[in-house]
Amino acid sequence: MVIETASQISGSTGYGDAEGYLVGGGIGGLCLAQALKRTGVPFVLFEQDATLGARDRGHRLRIDAAGQDALARCVPVDLLYLVHRTASLAEPGPWFVDSRLRPVQWPISGGWTTRGNAVADICVHGQTMREILASGLEEHIRFDHALIEYEESAEGVTARFANGHGERGTLLVGADGIGSAVRRQLLPGVVPEDTGLACINGRTTATIANCRAIGPEICAGSAAVVADGFLGVIDLMFFRDPMPRLAAQIVPDCRITDVPEYFHWALTGTRACLGVETLPGTPRELDGIVRQLVRDWDPALQAVFLRGDPAEWAVHPVCSLWPDRAWQSQRVTLLGDAIHAMSPANGSGMVTALCDAADLSGCLARAGRGEGRVAMLEAYAVTMRERAIDAVRAVSADGSRLAAAA
Ligand SMILES: Cc1cc2nc3c(=O)[nH]c(=O)nc-3n(C[C@H](O)[C@H](O)[C@H](O)COP(=O)(O)OP(=O)(O)OC[C@H]3O[C@@H](n4cnc5c(N)ncnc54)[C@H](O)[C@@H]3O)c2cc1C
C-alpha cells in the first residue's frame, strides 16, 4: 500500500502520516481501526463526540456466529477474549411466549445461530464493547471532530471538520452511522426510508427485589413476547465478575466502566400500535405509553417494565437503508449503518458492520501487497452490498410481518 503524508491544512493539528482516515467511532469504525492497527496500516479515527461515553449506548447487543468470526479477524486475541468474558452469562436463545407467559410459535428470521448443538450467540453491553474496541487506539482517535465535508482529488482526499480542522490522506472510510455525512456526499439522494415501525427500549436493574418480582423463567435468559401487534424482547444481562476486574485480569491497560446487571427490553411494532406516532417528549410520557402497552400482561412480565427508570428509556424510529447503489470514488468508501440500516429488533446491524470491517481490512491489506487499492475497494463494496442486502431483506420481512399483525 502506498503511504502518503497527511498534510496540515487550515489550522489543522496535523497527525503525521496516514494511509486512510476513518470517520465515526461506533463499533464498526473501532473494529476496523483495530484491524488496521494489527496489519500496520497508518490511520486516524475521527469521532464527533467529546468522549467515548458522551452519550448512552448502554443497550445489549447480540453477536451471532458470523459477527464473532468477523471480530476475531479484526481484534487481538486478548481483546477478543475480554469481549467473550464480559458477555452475559444468562442462558442464550429466546423463549417465545405470549403476554400471559404461554409458549407460542413466532417465525422470526435471523434467529439465534448455533455451533454444533449449542447456541453460538453472545450478548454484550454496547458501551463495554466500545470501550474494549477502543483499547490501545488512544493515539489514533481524535474526539470532537465532526466531519462536515470532504474533497477528493487525484492526489488524495481532504476531510473538513466542524472545529475548523482539515486533514488530507489517501483514503476516507465513512463509518459515521445512519446520518452519515460521508454518504450524503458520496451518494446524494440516498436516504434511510421510514418503515413506519419504532422500537422502544430500556433497562431495569437486576436487583434481588426486581429478580424476585420478575420470577425465575424470565431470569433464566431471553424471552420474546409475541403481543397484540408488536413484539417484546427481554434479555437478562448477568456478568461473571465486575467489568473493571475482568479487564484488569485480561488486558490491564484497558479501562472499562462497571455495569450493574440488568434486564434489557425492547418493544417493536408500528408506531400506531405502540402509540408513538408523535415521539414522546418526556420520560413521564414514555412511562405512560409503556404502562398502557403492558397493562394486561402477566405481572412477572410487567415487572420488567414497571420497575425500570423511564429516564433511561428511548424511542428509535426504525429506518431501512438499502445498500444497493454503487458509488464512483477511488478513495472513499462506507461501512456499517452509514450504508445499510435495519431494525434493531432482530440484531443484525452491528453484526453486519463487524463483517464489513473484517472484509475491508482484508481488502486494504491485499492492496498493501500490490493488488491495487481501487480494485480492492471495489471488491469490498461488492461483497458488502451482497451481504448487507440479504441482512436488510431478512429484517424487512420481519418488519412486514409485524406491520401485518398490527
Ligand atoms: C436498541 C438497539 C438494539 C440493537 N441491538 C442490536 C443487536 O443485538 N445486534 C446487532 O447486530 N445490532 C443491534 N443494533 C444495531 C447496532 O447498534 C448498529 O447497527 C451498530 O451500532 C452500527 O454501528 P456503526 O459503527 O455502523 O454506527 P454507529 O454505532 O451509529 O456509530 C457511528 C459513529 O459515528 C459518529 N459520527 C456520526 N456522524 C459523525 C460525523 N459527521 N463525524 C464524526 N463522527 C460521526 C457517531 O458519534 C458514532 O460514534 C441495535 C440498535 C439499537 C438502537
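Below is a summary of the structure that appears in this document. (Residues numbered from 1 in each chain as written. Predicted model: local features only at pLDDT ≥ 70, side-chain atom pairs only at ≥ 80, totals over all residues. Heavy atoms only, no water.)

1. Points about the overall build of the protein chain
Here's step 1: Assigned secondary structure in the protein chain consists of 13 helices and 19 strands.
Here's step 2: Overall, the C-alpha framework of the protein chain stretches about 65 × 45 × 45 Å when taken along its three principal axes.
Here's step 3: Relative to its 406 residues, the protein chain shows a buried fraction of 56%.
Here's step 4: The centroid of the 36 positive side-chain charges in the protein chain is displaced by 2 Å from the centroid of its 47 negative side-chain charges. (Helix = DSSP H or I, 4+ residues; strand = E, 2+ residues; numbered from the N terminus. Buried < 20%, exposed > 50% of the residue type's maximum accessible area, 1.4 Å probe, protein only. Lys, Arg positive; Asp, Glu negative; His and termini not counted. Charge placed at Lys NZ, Arg CZ, Asp CG, Glu CD.)

2. Here we look at the pairing of strand β12 (residues 166–169)
Here's step 1: Pairing of strand β11 (residues 157–161) with β12 involves 4 bridges; the strand directions are antiparallel. For Thr 158, the partnering residue across the bridge sits in β12 and is Arg 168.
Here's step 2: If you look at the hairpin formed by β11 and β12, you'll find 4 residues sitting between the two strands, and Gly 164 has a positive phi there, around 95°. (Pairing = 2+ DSSP bridges.)

3. Description of the nonpolar core
For soluble globular proteins, nonpolar side chains are generally found buried alongside one another.
Here's step 1: By size, the foremost hydrophobic cluster in this structure holds 86 residues, and its most contacted members are Leu 71, Met 129 and Leu 354.
Here's step 2: The dominant element in this core, judged by the number of residues it contributes, is helix α12 (residues 349–371), at 10 residues.
Here's step 3: Once residues within four sequence positions are removed from consideration, Met 129 is found in contact with Ile 27, Ile 63, Leu 71, Val 83, Val 124, Met 350 and Leu 354.
Here's step 4: Counting residues in each nonpolar core, the second largest holds 32 residues, with Leu 236, Phe 263, Val 290 and Phe 305 among its members. (Core = buried A, V, L, I, M, F, W, Y, C linked by side-chain atoms within 4.5 Å. Contact = heavy atoms within 4.5 Å.)

4. Section: the sheet that holds strand β13 (residues 171–174)
Here's step 1: Strand order in the open sheet formed by 5 strands is β9-β3-β2-β13-β19, with parallel pairing between adjacent strands. Here the strands that pair on one side only, and so sit at the sheet edges, are β9 (141–142) and β19 (332–334).
Here's step 2: Relative to β13, strand β2 (residues 20–23) runs parallel, the two sharing 4 bridges. The residue bridging Val 23 from the neighbouring strand is Gly 174, located in β13.
Here's step 3: Sheet strands in contact with helix α1 (residues 27–39) are β2, β3 (43–46), β9 and β13, and its direction is about 165° off that of β3. (Axes fitted to C-alpha atoms, helices over the stretch in contact; angles between N-to-C directions.)

5. Quick look at the side chain of Gln 302
Here's step 1: Of note, Gln 302 is situated in helix α11 (residues 299–306).
Here's step 2: In this structure the side chain of Gln 302 is engaged in a polar contact, spanning 2.7 Å, whose partner is the backbone oxygen of Arg 295.
Here's step 3: Contact partners of Gln 302, with chain neighbours within four places excluded, come to Val 294, Arg 295, Asp 296 and Trp 297. (Polar contact = N/O pair within 3.5 Å; in protein donor to acceptor, adjacent residues only side chain to side chain.)

6. As for the pattern of salt bridges
Here's step 1: In total, this model carries 15 salt bridges according to the counting rule given.
Here's step 2: Arg 387 is the salt-bridge partner of Asp 356, the closest N and O atoms lying 2.6 Å from each other. Of this pair, Asp 356 sits in helix α12 while Arg 387 sits in helix α13 (residues 373–405), and the two are 31 residues apart along the sequence.
Here's step 3: Across the pair Asp 390 and Arg 393 runs a salt bridge whose closest N-O atoms are separated by 3.4 Å. (Salt bridge = Lys/Arg side-chain N within 4 Å of Asp/Glu carboxyl O.)

7. Here's the deal with the site of the ligand
Here's step 1: For the ligand, the set of nearby residues contains 34 residues, the closest of which are Gly 28, Glu 47, Arg 62, Leu 147 and Asp 337.
Here's step 2: Separating an oxygen atom of the ligand from a backbone N or O atom of Ile 27 is a distance of 3.3 Å.
Here's step 3: Within the backbone of Arg 62, one N or O atom sits 2.7 Å away from an oxygen atom of the ligand.
Here's step 4: The protein chains hide 88% of the 1000 Å² of surface that the ligand would expose on its own. (Near = heavy atom within 4 Å. Areas by Shrake-Rupley, 256 points an atom, 1.4 Å probe, with all protein chains shown as cover.)

8. Digging into the packing of aromatic side chains
Here's step 1: The full count for this structure, using the stated rule, is 6 aromatic pairs.
Here's step 2: Between Trp 265 and Trp 313 the ring centres are 5.0 Å apart and the planes differ by 80°, which places this aromatic pair in the edge-to-face class. Of the two residues, Trp 265 is situated in strand β17 (residues 262–270) and Trp 313 in the loop between α11 and β18 (314–320); the sequence distance between them amounts to 48 residues. Taken individually, Trp 265 and Trp 313 each receive the classification buried, so the pair is uniform in this respect.
Here's step 3: Directly above the ring of Tyr 262 sits Arg 203, whose terminal nitrogen or CZ lies 5.6 Å from the centroid.
Here's step 4: Lying across the ring of Trp 327, Arg 385 places its NZ or CZ 5.1 Å from the centre. (Phe/Tyr/Trp six-rings, centres within 6.5 Å; stacked < 30°, edge-to-face > 60°. Lys NZ or Arg CZ within 6 Å of the ring centre and 35° of its normal.)

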